[in-house]
Structures are given as C-alpha cells and as structure tokens.
Amino acid sequence: MYQTIQKIDQSLARAEQVLVIALTAGIAGIMMTQVVMRYFFSAPIFWAEEISVQLLVFVTLFGLSLLVQRVQLVTIDFLPRALSDRARHALLAVLGLVMLVLLVFLAKLGWEWVNRADVRLELGATTQLPRWYNFSALPLAFAIMAFHQFAAILRDLRALFGVAK
C-alpha cells in the first residue's frame, strides 16, 4: 500500500509538472501573440489578458502543489535540523498532519464556494465564459496538495519507525 501511494504521488507530480510547463508556455504564447497583434496589426486580442490571468492562477496553484510534493516550500527549519533523525521525523509527521488537516479544510471550503449558485453563474468579463471552471482549480489543487502531504507523512512515519525502503 505504501509503494502504491508513493507511486501515485510521483505520478501526480509528473502530471502537475507537465501541466505547469504547458500552461506557462500557453501564457507566454498568448501574450506574445497579443503584443504582435496589438502593435504590428492594430488588432489586439480582446480576451488575451483575461485568459492569461486565469492560466496564471492555474500555474500558481498547481505549482504550489508541486512544491508541497517536493518539500520545497519556504520553511524555518532550525529546530528540525537540531533534532536527531528520529525526533525530526516525529516532528515532521506531526507538523505534516496539521498541514494535512488545513489543506483538507481549505479544499472543502473551496469546493463549497465553487458550488454556490452565485459563483456558478458568474461569467468572465471579456469571454463571457463561466468562471466556475477557473475557480474549481482552487479545491482541486488543495486536494492534490493534501494527497502529497499525506504521502509525505507516510514517508516520515516510515523513517520514524525505521522501516527499510
């Protein structure tokens, strides 16, 4: 079961990495096209900024999730570094559990928010597309972050109890 969870965690991270790269390339492509259309042809793309902002939200949320998986978030780690390996893994498991609870809570709140009727009816200013699909990135990203955090807790518990890889 442990190996399966870790493999799913790695697969999600690879998918997130591809998604973040593709979306970043999409933003760059849209904005470069916008510059060319606006300044060379005097025909700006009316939806470019709105779509780019939406893609940037996706990149930010899924990039943050990727950082959770890679354990690359900014941390104050003087205490864990001062502890023995066993105590460090115990502390990281406890702190990871707190973060897991927070991430699940935020995913739940995000899901409830996206499913509100007024949010479901909101349309983009220039595209007139429903914005709920953009907003749904929030609970989805937090749910994936929660899974990454769960996998990290399992790794810390496994190291704490000295189970060989």
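Up top is the structure these notes are about.
Residues numbered from 1 in each chain as written. Predicted model: local features only at pLDDT ≥ 70, side-chain atom pairs only at ≥ 80, totals over all residues. Heavy atoms only, no water.

## Description of the nonpolar core
Among soluble globular proteins, nonpolar side chains are generally buried collectively.
So, point 1. Residues Leu55, Phe62 and Met145 are the most contacted members of the largest nonpolar core, which totals 23 residues.
So, point 2. Excluding residues that lie within four positions of it along the chain, Leu55 makes contacts with Leu23, Gly26, Ile27 and Ile30. (Core = buried A, V, L, I, M, F, W, Y, C linked by side-chain atoms within 4.5 Å. Buried < 20%, exposed > 50% of the residue type's maximum accessible area, 1.4 Å probe, protein only. Contact = heavy atoms within 4.5 Å.)

## Points about the packing of aromatic side chains
Centre-to-centre distance and the angle between the planes together describe a pair of aromatic rings.
So, point 1. Considering all chains together, one arrives at two aromatic pairs under this definition.
So, point 2. Between Trp113 and Phe135, the ring centres sit 4.8 Å apart and the planes meet at 45°, which makes this aromatic pair tilted. Of this pair, Trp113 sits in helix α4 (residues 85–114) while Phe135 sits in helix α6 (residues 132–135); the two residues are 22 residues apart in sequence, bridging distant segments of the chain.
So, point 3. Taking relative accessible area as the criterion, Trp113 reaches 31% and is therefore assigned partly exposed.
So, point 4. Just above the ring of Trp132 sits the side chain of Arg120; from NZ or CZ to the centre is 4.5 Å. (Phe/Tyr/Trp six-rings, centres within 6.5 Å; stacked < 30°, edge-to-face > 60°. Helix = DSSP H or I, 4+ residues; strand = E, 2+ residues; numbered from the N terminus. Lys NZ or Arg CZ within 6 Å of the ring centre and 35° of its normal.)

## Here we look at helix α1 (residues 2–41)
So, point 1. When the terminal C-alpha atoms of α1 are compared, their 57 Å separation across 40 residues agrees well with the 58 Å that a helix rising 1.5 Å per residue should span.
So, point 2. Among the residues making up α1, those that are buried are Tyr2, Ile5, Gln6, Asp9, Ala13, Glu16, Val20, Leu23, Ile27, Ile30 and Gln34.
So, point 3. Summarising the contacts, the buried residues of α1 are in contact with α2 (48–70) and α7 (137–160).
So, point 4. Following α1 by one or two positions, Ser42 has its phi on the positive side, about 50°. (Expected span 1.5 Å × (residues − 1).)

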